[in-house]
Amino acid sequence: MKNNVITIENISFSYDSEPVLKNINMEIYEKDFAAVIGPNGGGKTTLLKIIAGLLKPSKGSLTIPEKFKIGYVQQHPNLNREFPVTVEDVVLSGTVKNFSLFPFFNSEVKKKANELMAKLELISFSKMQFGKLSGGQKQKTLIARALIDNPDIILLDEPVANVDSIAEDEIYSMLRELNEEKTIVMVSHDISFVSSAVKKVFCVNKTLELPETEHDDGSLFSKYNKTKNTVIHKCGL
Amino acid sequence: MIFFINAFTAAFLASIASGIAGTFVYIKKITFIAGGLAHAILGAIGFSVFMGFSPVKGAIIGSILFSFLIVFIKNLSLHNEDTIIGTLWSGGMAAGILFTYMTPGYNSNLMTWLFGNILMVSKSDLIYLALLDIAVMALFFVFYKMFLIISFDSDFAIVKKLKVSLLNFLMFSAISITIVILMQVVGLILVIALLTVPPAIASLFSCRVPIIIFISFFLSLIFTFSGIALSYFVNAPSGAVIIIIAVACYFISVLVNGLIKKFICASKQKLT
């Protein structure tokens, strides 16, 4: 029996009086790999931000048991390119907690950061300014920052937007590997990756357009007797 | 001679605080907020003078209160946050002028806060400046890692459950205490330049915050020391001379940096 990791009940959200999400219900279990898909302006990122605790829903409830630690990977273009931090600084910042006082990191944390950077092929850029990296390298740095604190749930906002195709493959294979131990929720536009690798799909266009669709016998959409094209059409992709 | 020694000591103390706090103002892109704080503090100074309190103590209490107010305004996530801070900016200045106007014989005092007069710094002022310096250094040293995260990616800090509002309040308080220190050196009107020009130059040459802080400190030291010396020889207000030197150095640095980059690009193209 799998544990419930994220439970969303009847969540609605509005920016001022403009409704963005209406009556969303979702259940995500341990080691799920869930994708939130939908058209632009459909509320995908808003839903992810609610799960991450960045936005408070105007109605409904979100439950994530205390024991589960969250790692959040936002889209890198939202960050200041000129900010004077190196790749190593960014990765190390993932270990900072309340009362992480003084400017120093201990050698154990530094060793862990080096191991992660080596695994993600970032080690040769470790002293380079974050803003000067390519899109793929930036995204991998943000993933390393989320991973260094060993989270149970990883939330990613369009992890392959603004990256080249080689980095895209690397990031996807890393996510598959991570899913062996961790729960992943990802906002995505990439329907082909979603249909081949993801275990659950939530199609959000202000409301949940389709009941949750799951993998069954290797085919993501077969359980609810829906073809990939119906899902694409229904989700407005 | 003693007023010169006091002036250089004040400039040294001001450079330490401005090197550290200015770097965070620059990287967090909160120059407008810092300007709002500086002008609001003038209201607190005017009120203290009117009530017969020490203006420095009034400025410090005011700076902490206004830091709290700015964090409160930011937390409301209003679309017109800029307008509210702008209103605080003008309102604080207007209140400062009004309170001073209502206090007989204090108009010259207001001019000192507006334009600074480093040559008038007394020994007791230096003790205040040193204590404020220690407070600023301690805050940035203790909370450095957390200040860096909320400056770079506050969303990530919220997900990590850091106390972002409290940290913003502490950082803004440290910045406004620095503003109080700098007001005595260059005055309110010029305080923003001394807070932002040194880190703006330093960031052209380094991508590490601790190095930017050190370069900013040395640049502030050069600007204030040379400004004081030059103002003596040309018989001009020291605050204005300090800022003219700083601004001239900024434009020269941008130009030199641009030329160096152009030269490197041209060399790379030749090689390929």
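Residues numbered from 1 in each chain as written. Chains lettered and ligands numbered in written order. Predicted model: local features only at pLDDT ≥ 70, side-chain atom pairs only at ≥ 80, totals over all residues.

Visitor: Hey, could you run me through the overall build of chain B in this one?
Guide: What chain B contains, in helices and strands, is twelve helices and zero strands. Scaling as 2.2 N^0.38, a compact globule of 272 residues should have a C-alpha radius of gyration of about 19 Å, and chain B matches this with 19 Å. C-alpha atoms of chain B, sized along the principal axes, occupy 75 × 55 × 30 Å. A buried classification covers 50% of the 272 residues belonging to chain B. Within chain B, residue pairs in contact and separated by at least 24 positions form 75% of the contacts whose partners lie at least 6 positions apart. (Helix = DSSP H or I, 4+ residues; strand = E, 2+ residues; numbered from the N terminus. Rg over C-alpha atoms; globule rule 2.2 N^0.38 Å. Buried ≥ 20, exposed ≤ 12 C-beta atoms within 10 Å, placed from the backbone. Contact = placed C-beta atoms within 7 Å.)

Visitor: Explanation requested: the overall build of chain A in the structure shown.
Guide: Each helix and strand in chain A was counted, giving seven helices and ten strands. Summarising the internal contacts of chain A: among those between residues at least 6 apart in sequence, 71% fall at separations of at least 24.

Visitor: Quick question: what am I supposed to make of the interface of chain B and chain A here?
Guide: Accessible area lost upon the coming together of the parts is a frequently used measure of interface size. Each side of the interface is counted separately: chain B has 25 residues, and chain A has 20 residues. Residue assignment for the side of chain B that touches chain A shows that the elements contributing at least two residues are α6 (123–142), α7 (144–152), α8 (154–159) and α11 (209–234) of chain B. No other element matches α7 of chain B, which puts six residues into the side of chain B that touches chain A.

Visitor: Mind showing me how you'd approach the sheet that holds strand β4 (residues 59–63) of chain A here?
Guide: Adjacent strands of a sheet pair through backbone hydrogen bonds, lying either parallel or antiparallel. All names here are of chain A. With respect to topology, three strands assemble into an open sheet ordered β2-β1-β4, the strand pairing being antiparallel. Of all the strands in the sheet, just β2 (18–29) and β4 have a single pairing partner and so form its edges. Going from strand to strand, the sheet's axes swing by 15° on average, the running direction of each strand aside. The pairing of strand β1 (residues 4–15) with β4 spans four bridges and is classified as antiparallel. Each residue of the ladder has a partner; that of Thr7, found in β4, is Thr63. (Pairing = 2+ DSSP bridges. Axes fitted to C-alpha atoms, helices over the stretch in contact; angles between N-to-C directions.)

Visitor: Looking at this model, I keep getting lost on the packing of α7 of chain B against helix α9 (residues 164–185) of chain B. Mind explaining?
Guide: Pairs of packed helices are described in terms of their axes, by the angle between the two and the distance that separates them. Residue and element names in this part refer to chain B. Between α7 and α9, whose axes approach to 10 Å, the crossing angle comes to 105°. Put simply, α7 runs roughly perpendicular to α9. Residues Met146, Phe147 and Ile150 of α7 pack against Val164, Leu167, Asn168 and Met171 of α9. Grouping the amino acids of the contact of α7 with α9 by side-chain chemistry returns six nonpolar, one polar and no charged. (Parallel < 35°, antiparallel > 145°, perpendicular 65-115°, else oblique. Nonpolar A, V, L, I, M, F, W, Y, C, P; charged D, E, K, R; others polar.)

Visitor: Any chance you could explain the pairing of strand β6 (residues 153–157) of chain A here in plain terms?
Guide: Along a regular strand, successive side chains alternate from one face of the sheet to the other. Residue and element names in this part refer to chain A. Across the five residues that make up β6, a large majority, five, are buried. Burial of the side chains of β6 extends over both faces: Ile153, Leu155 and Asp157 are buried on one face and Ile154 and Leu156 on the other. Pairing of strand β5 (residues 70–73) with β6 involves four bridges; the strand directions are parallel. Bridging from a neighbouring strand, Tyr72 pairs with Leu155 of β6. Sheet topology places β6 next to strand β7 (residues 183–187); five bridges connect them, and they run parallel. In the strand pairing of β7, Ile153 is matched with Thr183. As a crossover connection, the stretch from β6 through helix α5 (residues 165–178) into β7 is right-handed. (Right-handed = clockwise from strand over helix to strand, strands pointing away.)

Visitor: So what exactly am I meant to see when it comes to the environment of Pro39 of chain A here?
Guide: Residues and elements named next belong to chain A. Inspection of the secondary structure puts Pro39 in the loop between β3 (33–37) and α1 (44–52). Accessibility expressed as a C-beta count within 10 Å gives 16 for Pro39, which makes it partly exposed. For the pair Pro39 and Ser14, spaced 25 residues apart in sequence, the C-alpha separation works out to 17 Å.

Visitor: Could you clarify how one ought to interpret the nonpolar core in this entry?
Guide: Looking at soluble globular proteins, one finds that nonpolar side chains tend to be buried together. Counting 151 residues, the largest nonpolar core has Leu155 of chain A together with Leu37, Ile41, Val191 and Leu194 of chain B as its most contacted members. Leave out the neighbours within four places in its chain, and Leu194 of chain B touches Ser18, Leu182, Val186, Ser220, Ile242, Ile243 and Ala246 of chain B. (Core = buried A, V, L, I, M, F, W, Y, C linked by C-beta atoms within 7 Å.)

Visitor: What is the right way to read the confidence of the model for chain A from this model?
Guide: It should be kept in mind that the predicted coordinates are not to be read in detail where pLDDT is low. Summing up the model confidence of chain A, the mean pLDDT is 84 and the portion of residues at 70 or higher is 87%. Within the model, the stretch residues 215–220 of chain A combines pLDDT values under 50 with nine contacts to residues more than four positions away or in other chains. (pLDDT = per-residue confidence, 0-100.)

Visitor: Any chance you could explain the environment of Asn3 of chain A here in plain terms?
Guide: Residue and element names in this part refer to chain A. Here Asn3 shows up in the segment before β1. Look at Asn3 and you get exposed, because 11 C-beta atoms sit within 10 Å. In this structure, the C-alpha to C-alpha distance between Asn3 and Ile28, residues 25 residues apart in sequence, is 8.7 Å. Excluding residues within four positions of it along the chain, Asn3 makes contact with Tyr29 and Glu30.

Visitor: Sorry, what's going on with the pairing of β1 of chain A here?
Guide: Residue and element names in this part refer to chain A. Relative to β2, β1 runs antiparallel, the two being bridged by eight bridges. Note that in β2 the partner of Ser14 across the bridge is Pro19. In this antiparallel pair of consecutive strands, β1 and β2, the connection spans two residues, and Asp16 shows a positive phi of 55°.

Visitor: What exactly am I supposed to notice about the packing of helix α2 (residues 31–51) of chain B against helix α4 (residues 81–102) of chain B here?
Guide: Residue and element names in this part refer to chain B. With their axes 7 Å apart at the nearest point, α2 and α4 run at an angle of 25° to one another. The angle between α2 and α4 falls in the class roughly parallel. The element α2 and its partner α4 pack so that their crossing is left-handed. Residue composition of the contact of α2 with α4, grouped by class: 18 nonpolar, eight polar and one charged. (Left-handed = near helix turned anticlockwise from the far one by under 90°.)

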